[in-house]
Amino acid sequence: MRQTLIAGNWKMNMTSAEAENFADELLKLNPKRIGEVLICPPFTALYSLGKKLAGSGIKLGAQNVYTEDSGAYTGEISPAMLEDLGVEYVIIGHSERRQIFKESNEFINKKLLKLQEKGLKPILCIGETLEEREAGKEYDLVKSQLLACLKDANKDKLKDLVIAYEPIWAIGTGKSASAEDAEAMCKFIRQELEKNFGDLAQEIRILYGGSVKPTTINDLMAKENVDGALVGGASLKAADFAKLVAYEVNNDK
Ligand code: PGA
């Protein structure tokens, strides 16, 4: 059995004071949590948010990391710096970093290997553009991203890996993939993981991301191969995030 994971990706939003207010509100709402819950604020809010969430069981993640331990890398953040602030998960390969900051599969692969070496849990994002989907190339594209980013991965640490399937056309657009399309791709990803890593594929969690809302979470979570959600916009309001983490599993699906 895989534990579900609902992860909030705040992107470049929230000062530390705003993060503290969010935490106060969320803790006051005290939603019934079904699985693991994670918030990935900007680096600058990790400390204050971590202090507020201490003891709550809600975990802390980062949105990025650099591939080296320390040194002359102005503006970068190392795995040890994140660990020092209580970070457990790190998002890598987000499409915004691929598109805006030109991060390649090779660079993302280096980050993944570094996180594995340091005992942090990678949330590896993969997903196709609208043009790739319309050309019928989404499965090939997702497979090539997956395999390139997992090159030389340490098999002993793969149970800590989380994959987030995020079709780029669904991110921040309000246009979510249907639960059926999300399941089809998550199932395909698991089959590819199985081909490469055998039974370990059953332990690796696969999330869907892209315009997930309180109104869409139940259908997604009812799908066999969707183990959770990576949520941007709807994770910025405590009331919405509270509804997401308290999703209801609909067994009729
Ligand atoms: P969204 O973002 O929920 O706002 O579409 C998801 C993401 O980019 O992780």
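Topic: the state of the cysteines
(1) Moving on: Applying the stated rule across the entire model yields zero disulfides.
(2) Moving on: C40 takes part in no disulfide bond, and the closest cysteine sulfur, belonging to C125, lies 9.2 Å away.
(3) Moving on: Between C149, a free cysteine, and C125, which holds the nearest cysteine sulfur, the sulfur-to-sulfur gap is 9.8 Å.

Overview of the side chain of E128
(1) Moving on: Structurally, the position occupied by E128 is in the loop between β5 (121-126) and α6 (130-134).
(2) Moving on: Note on E128: relative accessible area 0%, which makes it buried.
(3) Moving on: Within polar-contact distance, the side chain of E128 engages the side chain of Y165 at 2.9 Å.
(4) Moving on: Here W169 takes part through its side chain, which lies 3.0 Å from a polar atom of the side chain of E128.
(5) Moving on: With near-sequence residues (within four places) excluded, E128 lies in contact with R133, E138, L141, V142, Y165, E166, P167, I168, W169 and M185.

Overview of the site of the ligand
(1) Moving on: Around the ligand, 13 residues are found, and the nearest of them are K11, H94, E166, G172 and S211.
(2) Moving on: Residue K11 places a side-chain N or O atom 2.7 Å away from an oxygen atom belonging to the ligand.
(3) Moving on: One of the backbone N or O atoms of S211 is found 2.7 Å from an oxygen atom in the ligand.
(4) Moving on: Look at the ligand: alone it shows 280 Å² of surface, and the protein chains cover 96% of it.
(5) Moving on: Of the residues in the shell around the ligand, the class split is four nonpolar, seven polar and two charged.

Some words on the pattern of salt bridges
(1) Moving on: Considering all chains together, one arrives at 21 salt bridges under this definition.
(2) Moving on: Of the charged contacts, one joins E180 and K223 as a salt bridge, the two residues approaching to 3.5 Å between their closest N and O atoms. With E180 in helix α8 (residues 179-197) and K223 in the loop between α9 (217-221) and β8 (228-231), this residue pair connects regions lying 43 residues apart in the sequence.
(3) Moving on: Ionic pairing is found between R190 and D227, a salt bridge with its closest N-O pair at 2.7 Å. Of the two residues, R190 sits in helix α8 while D227 sits in the loop between α9 and β8, which places them 37 residues apart along the sequence. We note that R190, like D227, is buried.
(4) Moving on: Shared partners join several salt bridges into a network, and the residues in it are E36, K59, E88, K121 and R205.

Quick notes on the packing of helix α5 (residues 105-118) against helix α7 (residues 138-149)
(1) Moving on: For the pair α5 and α7, interaxial distance at closest approach is 8 Å and the crossing angle is 45°. As judged from the angle between their axes, α5 and α7 are oblique. Taken together, the residues of α7 that come into contact with α5 (itself represented by N105, I108, N109 and L112) are S144, Q145, A148 and C149.
(2) Moving on: The residue inventory of the contact of α5 with α7, partitioned by class, reads four nonpolar, four polar and no charged.

So, how was this worked out
- Residues numbered from 1 in each chain as written.
- Predicted model: local features only at pLDDT ≥ 70, side-chain atom pairs only at ≥ 80, totals over all residues.
- Heavy atoms only, no water.
- Disulfide = S-S within 2.5 Å.
- Helix = DSSP H or I, 4+ residues; strand = E, 2+ residues; numbered from the N terminus.
- Buried < 20%, exposed > 50% of the residue type's maximum accessible area, 1.4 Å probe, protein only.
- Polar contact = N/O pair within 3.5 Å; in protein donor to acceptor, adjacent residues only side chain to side chain.
- Contact = heavy atoms within 4.5 Å.
- Near = heavy atom within 4 Å.
- Areas by Shrake-Rupley, 256 points an atom, 1.4 Å probe, with all protein chains shown as cover.
- Nonpolar A, V, L, I, M, F, W, Y, C, P; charged D, E, K, R; others polar.
- Salt bridge = Lys/Arg side-chain N within 4 Å of Asp/Glu carboxyl O.
- Axes fitted to C-alpha atoms, helices over the stretch in contact; angles between N-to-C directions.
- Parallel < 35°, antiparallel > 145°, perpendicular 65-115°, else oblique.

Honestly, it's all geometry; don't read function into it.
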